[in-house]
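The chain contents come next:
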Amino acid sequence: MGPCLSKGSSEPNMRSSGNMFTSQADAKYSAKSRNILILFGPPGAGKGTHAPKIVDKLSIPQLSTGDMLRAAVAAGTEVGKKAKAAMDSGALVTDEIVVGIIADRIKEKDCVEGFILDGFPRTLAQSKMLDKELAKTGEAVSRVIELSVPDAVLTERICGRWVHKSSGRSYHVKFNPPKSLAKLGGKDLNKEKDKTKWMKDDKTGEALMQRSDDTAEALVSRLDAYHKQTVPVLKHYGKKKCVAIDANRDMDSIWASIDKATDF
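On a predicted model such as this, the values are computed, not experimentally measured, just so you know.

1. Concerning helix H8 (residues 216-237)
In step 1: Here H8 is 22 residues long and its end C-alpha atoms lie 31 Å apart, about the 32 Å a rise of 1.5 Å per residue gives.
In step 2: Residues of H8 that are buried include every one of Ala-218, Leu-219, Leu-223, Tyr-226, Thr-230, Val-233, Leu-234 and Tyr-237, and no others.

2. Overview of the sheet that holds strand S3 (residues 114-118)
In step 1: Taken in spatial order, the 5 strands of this open sheet run S2-S3-S1-S4-S7, and their pairing is parallel. At either end of the open sheet lies a strand with only one pairing partner, and these are strand S2 (62-64) and strand S7 (242-246). Across the sheet, the mean angle from the axis of one strand to that of its neighbour is 25°, orientation sign disregarded.
In step 2: Inspection of the sheet shows strand S4 (residues 143-148) paired to S7 by 5 bridges, in the parallel sense. Bridge pairing in S7 places Leu-147 opposite Ile-245.

3. Quick notes on unusual backbone geometry
In step 1: For the peptide bond that leads from Phe-120 to Pro-121, omega is 0°, which places it in the cis range.
In step 2: With respect to the helices, strands and loops of the structure, Pro-121 is situated in the loop between S3 and helix H6 (124-135).
In step 3: Even without being a glycine, Ser-59 presents a positive backbone phi close to 55°.

4. Observations regarding the packing of helix H3 (residues 65-75) against helix H5 (residues 95-105)
In step 1: Close contact between H3 and H5 brings their axes to 10 Å; oriented N to C, the two are set at 80°. Accordingly, the angle class assigned to the pair H3 and H5 is roughly perpendicular. Touching Thr-65, Met-68, Leu-69 and Ala-72 of H3 are Val-98, Ile-101, Ile-102 and Arg-105, all from H5.
In step 2: Of the residues belonging to the contact of H3 with H5, the class tally is 6 nonpolar, 1 polar and 1 charged.

5. Comments concerning the layout of surface pockets
Any empty space left between atoms is shown by rolling a water-sized probe over those atoms.
In step 1: Approximately 1200 Å³ is the volume attributed to the largest pocket.
In step 2: Considering the residues around the largest pocket, the lining is formed by 42 residues, among which Pro-43, Gly-44, Ala-45, Gly-46 and Arg-161 are closest to the centre.
In step 3: Classifying every residue of the lining of the largest pocket gives 17 nonpolar, 16 polar and 9 charged.
In step 4: Volume-wise, the second largest pocket comes out at about 230 Å³.

The rules behind each value
Residues numbered from 1 in each chain as written. Predicted model: local features only at pLDDT ≥ 70, side-chain atom pairs only at ≥ 80, totals over all residues. Heavy atoms only, no water. Helix = DSSP H or I, 4+ residues; strand = E, 2+ residues; numbered from the N terminus. Expected span 1.5 Å × (residues − 1). Buried < 20%, exposed > 50% of the residue type's maximum accessible area, 1.4 Å probe, protein only. Pairing = 2+ DSSP bridges. Axes fitted to C-alpha atoms, helices over the stretch in contact; angles between N-to-C directions. Parallel < 35°, antiparallel > 145°, perpendicular 65-115°, else oblique. Contact = heavy atoms within 4.5 Å. Nonpolar A, V, L, I, M, F, W, Y, C, P; charged D, E, K, R; others polar. 1 Å grid on protein atoms, 1.4 Å probe; cavity = no way out; pocket = protein on both sides within 12 Å on 5 of 7 lines; lining within 4 Å. Points joined across faces, edges and corners; volume = space filled by probe spheres on them.

Dropping the structure here:
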């Protein structure tokens, strides 16, 4: 969290150079600077809760690299075909391919005012590649928002999560328990051999499940990787662009800080 401050500044208006704008509609991008945000946060920090609020406030889409990758492959775009070839061969999708997918996606009309990148960049190398791509149109990242939560708190949040697979409804044994858990009578769920007996979806009554990596053991490595990857990226963008948000507070207080950080 060191490289971030509680306030930041946006970049100057973008120039109309580059060859991204190929139509009159695309030319809107060159008229003024877009709001380009990067949202950081470890698993359990609350990105899924607060990102939609930023989307509503700024009228810009939240772009997930996973969603963009799947969409590009399904659409059969040139870069999507490269991604599919890599996946079919068992190889990793390269950073170049991912940046290419992002470059295509941010040309779409819903990005005319800007966009939020969620899950990218994860490394310093990816950050530099993203900067280079944005620079083609005279643009740059406007703000980097980091949702910060102590690791010990995240362990409690993550390890207590349960989900209903088909609907995506999320529960937590402490913060948002399903109605079925009350039947356990206050006993310790962790001591039960069959936890699913007590964890049922409120609407369907179907058994809930836990993600395989939502365990204390898996979380240690996930958080270690997150911290090692994130710190260099935050240093890269610097104190003028990074805003650290204390996400270990009540929801209203967290949003008030995010709301202030996204005033452009």
